[in-house]
Amino acid sequence: MLGMKNRAGMLSVLLVTFLLAVTAMGVTVYETVSPSGNKSGAWDVNILADDVHFRCGGIITNVVMSLAIRGTNSCRVWIFDGFLRDAIYSAPFTHVPSSSSLDFQEYSFPMRVSVPKDIYIGFSAEGDGWGGSNLTDHAENDSTVASGIATNAGIYWWGAVAGGQLNQGANFGSGDYFNLNVQMLQPEITDVVVTNGTASHYQYLRARNVYC
(Lines give C-alpha, C1' and ligand atoms only; values in the text may rest on other atoms or scores of the structure.)
Protein backbone atom coordinates (compact mmCIF):
# COMPACT_ATOMS: atom_id res chain seq x y z
CA MET A 1 0.00 0.00 0.00
CA LEU A 2 2.80 2.40 0.88
CA GLY A 3 4.49 1.63 -2.43
CA MET A 4 1.27 2.39 -4.29
CA LYS A 5 0.93 5.73 -2.48
CA ASN A 6 4.52 6.63 -3.31
CA ARG A 7 3.96 5.81 -6.97
CA ALA A 8 0.76 7.86 -7.00
CA GLY A 9 2.60 10.78 -5.45
CA MET A 10 5.39 10.49 -8.01
CA LEU A 11 2.87 10.42 -10.88
CA SER A 12 1.17 13.53 -9.50
CA VAL A 13 4.50 15.37 -9.32
CA LEU A 14 5.41 14.29 -12.87
CA LEU A 15 1.99 15.44 -14.13
CA VAL A 16 2.32 18.84 -12.47
CA THR A 17 5.89 19.21 -13.81
CA PHE A 18 4.63 18.40 -17.31
CA LEU A 19 1.78 20.91 -17.04
CA LEU A 20 4.11 23.65 -15.85
CA ALA A 21 6.53 22.92 -18.71
CA VAL A 22 3.70 23.11 -21.26
CA THR A 23 2.39 26.42 -19.92
CA ALA A 24 5.90 27.90 -19.89
CA MET A 25 6.27 27.19 -23.62
CA GLY A 26 2.66 27.76 -24.59
CA VAL A 27 0.38 25.41 -26.51
CA THR A 28 -0.80 25.56 -30.11
CA VAL A 29 -4.02 27.59 -30.31
CA TYR A 30 -4.06 28.26 -34.06
CA GLU A 31 -2.70 26.07 -36.84
CA THR A 32 -3.38 25.68 -40.54
CA VAL A 33 -2.68 22.49 -42.50
CA SER A 34 -2.99 21.01 -46.00
CA PRO A 35 -1.05 23.27 -48.42
CA SER A 36 -3.44 24.68 -51.02
CA GLY A 37 -0.85 25.14 -53.75
CA ASN A 38 -1.48 28.90 -53.59
CA LYS A 39 0.66 31.76 -52.30
CA SER A 40 -0.06 35.31 -51.17
CA GLY A 41 2.26 38.04 -52.41
CA ALA A 42 3.45 41.13 -50.52
CA TRP A 43 4.69 44.02 -52.64
CA ASP A 44 8.08 45.38 -51.69
CA VAL A 45 6.53 48.43 -49.97
CA ASN A 46 3.73 46.62 -48.14
CA ILE A 47 2.88 44.61 -45.05
CA LEU A 48 0.73 41.58 -45.91
CA ALA A 49 -1.34 39.87 -43.20
CA ASP A 50 -4.04 37.30 -42.51
CA ASP A 51 -6.68 37.58 -39.79
CA VAL A 52 -6.28 34.97 -37.03
CA HIS A 53 -8.91 34.02 -34.45
CA PHE A 54 -8.68 32.22 -31.09
CA ARG A 55 -11.34 31.15 -28.60
CA CYS A 56 -9.73 33.41 -26.01
CA GLY A 57 -6.89 35.92 -25.89
CA GLY A 58 -3.63 35.31 -24.08
CA ILE A 59 0.11 35.72 -24.41
CA ILE A 60 1.62 34.53 -27.69
CA THR A 61 4.92 32.73 -27.17
CA ASN A 62 5.76 31.73 -30.74
CA VAL A 63 4.58 32.21 -34.32
CA VAL A 64 5.69 29.97 -37.20
CA MET A 65 5.21 31.10 -40.82
CA SER A 66 6.17 29.63 -44.21
CA LEU A 67 7.64 32.32 -46.48
CA ALA A 68 9.52 32.66 -49.78
CA ILE A 69 11.71 35.80 -49.65
CA ARG A 70 14.19 36.71 -52.37
CA GLY A 71 17.58 38.38 -52.15
CA THR A 72 18.73 40.95 -49.62
CA ASN A 73 15.50 42.17 -48.11
CA SER A 74 14.78 44.08 -44.91
CA CYS A 75 12.19 41.83 -43.24
CA ARG A 76 9.78 42.24 -40.31
CA VAL A 77 7.05 40.20 -38.61
CA TRP A 78 3.93 42.18 -37.63
CA ILE A 79 0.95 41.68 -35.30
CA PHE A 80 -2.08 44.01 -35.20
CA ASP A 81 -5.09 43.98 -32.89
CA GLY A 82 -7.25 45.95 -35.32
CA PHE A 83 -7.66 47.36 -38.82
CA LEU A 84 -6.38 50.93 -39.30
CA ARG A 85 -4.43 50.65 -36.04
CA ASP A 86 -0.70 50.69 -35.26
CA ALA A 87 1.00 47.34 -34.74
CA ILE A 88 1.07 45.93 -31.21
CA TYR A 89 4.22 44.01 -32.19
CA SER A 90 6.81 44.39 -34.93
CA ALA A 91 10.31 42.96 -35.08
CA PRO A 92 12.99 42.53 -37.76
CA PHE A 93 14.14 39.06 -38.76
CA THR A 94 16.92 37.58 -40.86
CA HIS A 95 15.73 35.57 -43.83
CA VAL A 96 17.12 32.70 -45.88
CA PRO A 97 16.99 33.71 -49.59
CA SER A 98 14.61 31.44 -51.51
CA SER A 99 15.44 30.16 -54.99
CA SER A 100 11.91 30.84 -56.27
CA SER A 101 8.57 32.19 -55.12
CA LEU A 102 7.55 28.60 -54.29
CA ASP A 103 10.70 27.78 -52.31
CA PHE A 104 9.09 28.26 -48.89
CA GLN A 105 11.23 28.43 -45.76
CA GLU A 106 9.90 27.96 -42.22
CA TYR A 107 10.44 30.92 -39.89
CA SER A 108 9.92 30.77 -36.14
CA PHE A 109 9.35 33.98 -34.16
CA PRO A 110 9.60 33.56 -30.35
CA MET A 111 7.90 36.40 -28.44
CA ARG A 112 5.86 37.36 -25.39
CA VAL A 113 2.94 39.44 -26.69
CA SER A 114 -0.44 39.89 -24.99
CA VAL A 115 -3.24 39.77 -27.58
CA PRO A 116 -7.05 39.69 -27.81
CA LYS A 117 -8.82 36.76 -29.44
CA ASP A 118 -8.97 38.38 -32.91
CA ILE A 119 -5.74 39.64 -34.47
CA TYR A 120 -3.83 40.00 -37.75
CA ILE A 121 -0.43 38.38 -38.32
CA GLY A 122 1.76 39.39 -41.25
CA PHE A 123 5.17 40.08 -42.70
CA SER A 124 7.01 42.59 -44.86
CA ALA A 125 10.11 42.18 -47.04
CA GLU A 126 11.51 45.41 -48.48
CA GLY A 127 14.30 45.67 -51.01
CA ASP A 128 13.90 42.79 -53.45
CA GLY A 129 11.43 40.27 -54.77
CA TRP A 130 10.04 38.55 -57.84
CA GLY A 131 7.97 40.17 -60.59
CA GLY A 132 8.01 43.41 -62.56
CA SER A 133 7.75 46.94 -61.21
CA ASN A 134 6.10 45.77 -57.97
CA LEU A 135 8.64 43.33 -56.54
CA THR A 136 6.86 40.65 -54.52
CA ASP A 137 7.67 38.10 -51.80
CA HIS A 138 5.29 35.37 -50.71
CA ALA A 139 3.56 33.51 -47.89
CA GLU A 140 2.48 29.89 -48.37
CA ASN A 141 -1.27 29.24 -48.05
CA ASP A 142 -3.08 26.28 -46.45
CA SER A 143 -6.63 25.12 -47.05
CA THR A 144 -7.69 24.10 -43.51
CA VAL A 145 -7.66 25.61 -40.03
CA ALA A 146 -6.98 22.61 -37.76
CA SER A 147 -6.78 24.58 -34.48
CA GLY A 148 -8.43 27.91 -33.74
CA ILE A 149 -11.37 29.49 -35.54
CA ALA A 150 -11.62 29.45 -39.34
CA THR A 151 -12.84 32.84 -40.58
CA ASN A 152 -12.50 34.88 -43.80
CA ALA A 153 -10.96 32.23 -46.04
CA GLY A 154 -9.21 33.85 -48.99
CA ILE A 155 -9.31 37.37 -47.50
CA TYR A 156 -5.94 39.08 -46.98
CA TRP A 157 -5.00 42.49 -45.64
CA TRP A 158 -2.22 44.95 -46.43
CA GLY A 159 -0.85 48.44 -45.93
CA ALA A 160 2.36 50.38 -46.50
CA VAL A 161 5.34 49.54 -44.30
CA ALA A 162 5.94 53.28 -43.97
CA GLY A 163 2.46 53.76 -42.48
CA GLY A 164 2.72 50.79 -40.12
CA GLN A 165 -0.98 49.92 -40.44
CA LEU A 166 -3.27 47.61 -42.40
CA ASN A 167 -5.63 49.80 -44.42
CA GLN A 168 -6.81 47.62 -47.31
CA GLY A 169 -8.23 44.15 -47.76
CA ALA A 170 -9.71 41.96 -50.45
CA ASN A 171 -11.19 38.52 -51.03
CA PHE A 172 -9.07 36.79 -53.66
CA GLY A 173 -11.43 33.81 -53.93
CA SER A 174 -8.72 31.30 -53.01
CA GLY A 175 -10.57 29.97 -49.96
CA ASP A 176 -7.38 29.52 -47.96
CA TYR A 177 -5.29 30.98 -45.14
CA PHE A 178 -1.67 31.81 -44.34
CA ASN A 179 0.40 28.81 -43.34
CA LEU A 180 0.63 29.59 -39.60
CA ASN A 181 1.20 27.99 -36.22
CA VAL A 182 0.57 30.16 -33.15
CA GLN A 183 1.47 29.09 -29.61
CA MET A 184 0.05 30.81 -26.55
CA LEU A 185 0.30 30.68 -22.76
CA GLN A 186 -2.64 29.00 -21.08
CA PRO A 187 -3.79 29.30 -17.41
CA GLU A 188 -0.90 28.20 -15.17
CA ILE A 189 -0.87 26.02 -12.02
CA THR A 190 0.91 28.07 -9.34
CA ASP A 191 0.30 25.97 -6.22
CA VAL A 192 -0.49 22.29 -5.63
CA VAL A 193 -1.30 20.47 -2.38
CA VAL A 194 -0.66 16.70 -2.45
CA THR A 195 -2.69 14.64 0.07
CA ASN A 196 -2.08 10.87 0.30
CA GLY A 197 -0.36 10.90 -3.06
CA THR A 198 -3.17 12.80 -4.79
CA ALA A 199 -3.11 16.41 -5.91
CA SER A 200 -6.13 17.73 -4.02
CA HIS A 201 -5.93 21.51 -4.30
CA TYR A 202 -4.93 23.76 -7.16
CA GLN A 203 -4.50 27.48 -7.61
CA TYR A 204 -4.62 28.87 -11.10
CA LEU A 205 -3.12 32.14 -12.29
CA ARG A 206 -4.18 33.40 -15.68
CA ALA A 207 -1.65 35.38 -17.65
CA ARG A 208 -2.05 39.11 -17.18
CA ASN A 209 -3.89 41.16 -19.79
CA VAL A 210 -5.85 38.19 -21.11
CA TYR A 211 -8.80 39.24 -23.25
CA CYS A 212 -11.88 36.99 -23.44
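Bear in mind that the values here come from a model prediction, so they are computed numbers and not experimental data.

Scoring rules and cut-offs
Residues numbered from 1 in each chain as written. Predicted model: local features only at pLDDT ≥ 70, side-chain atom pairs only at ≥ 80, totals over all residues. Heavy atoms only, no water. Core = buried A, V, L, I, M, F, W, Y, C linked by side-chain atoms within 4.5 Å. Buried < 20%, exposed > 50% of the residue type's maximum accessible area, 1.4 Å probe, protein only. Helix = DSSP H or I, 4+ residues; strand = E, 2+ residues; numbered from the N terminus. Contact = heavy atoms within 4.5 Å. Phe/Tyr/Trp six-rings, centres within 6.5 Å; stacked < 30°, edge-to-face > 60°. Lys NZ or Arg CZ within 6 Å of the ring centre and 35° of its normal.

Counting residues in hydrophobic clusters, the biggest one holds 34 residues, and the most contacted among them are F54, I60, V63, M65 and I121. When residues of this core are assigned to their parent elements, the largest contribution, five residues, is made by strand 6 (residues 105–115). For I60, the contacting residues outside a window of four places in its chain are F54, I79, M111, R112, V113, V115, I119, V182, Q183 and M184. Residues I47, F80, W157 and L166 belong to the second largest nonpolar core, which totals nine residues.

What follows is about the packing of aromatic side chains. Under the defined criterion, the tally for this structure stands at 10 aromatic pairs. With centroids separated by 6.4 Å and ring planes inclined at 85°, the aromatic side chains of Y30 and F54 adopt a geometry described as edge-to-face. Placement of the pair is Y30 in strand 1 (residues 27–43) and F54 in the loop between strand 2 (46–53) and strand 3 (58–68), with a sequence separation of 24 residues. Each of the two residues, Y30 as well as F54, counts as buried. Three or more aromatic residues link up through ring pairs in this structure, and these residues are F83, Y120 and W157. Here R76 stacks its cationic end above the ring of W78, 5.9 Å away from the centre of that ring.

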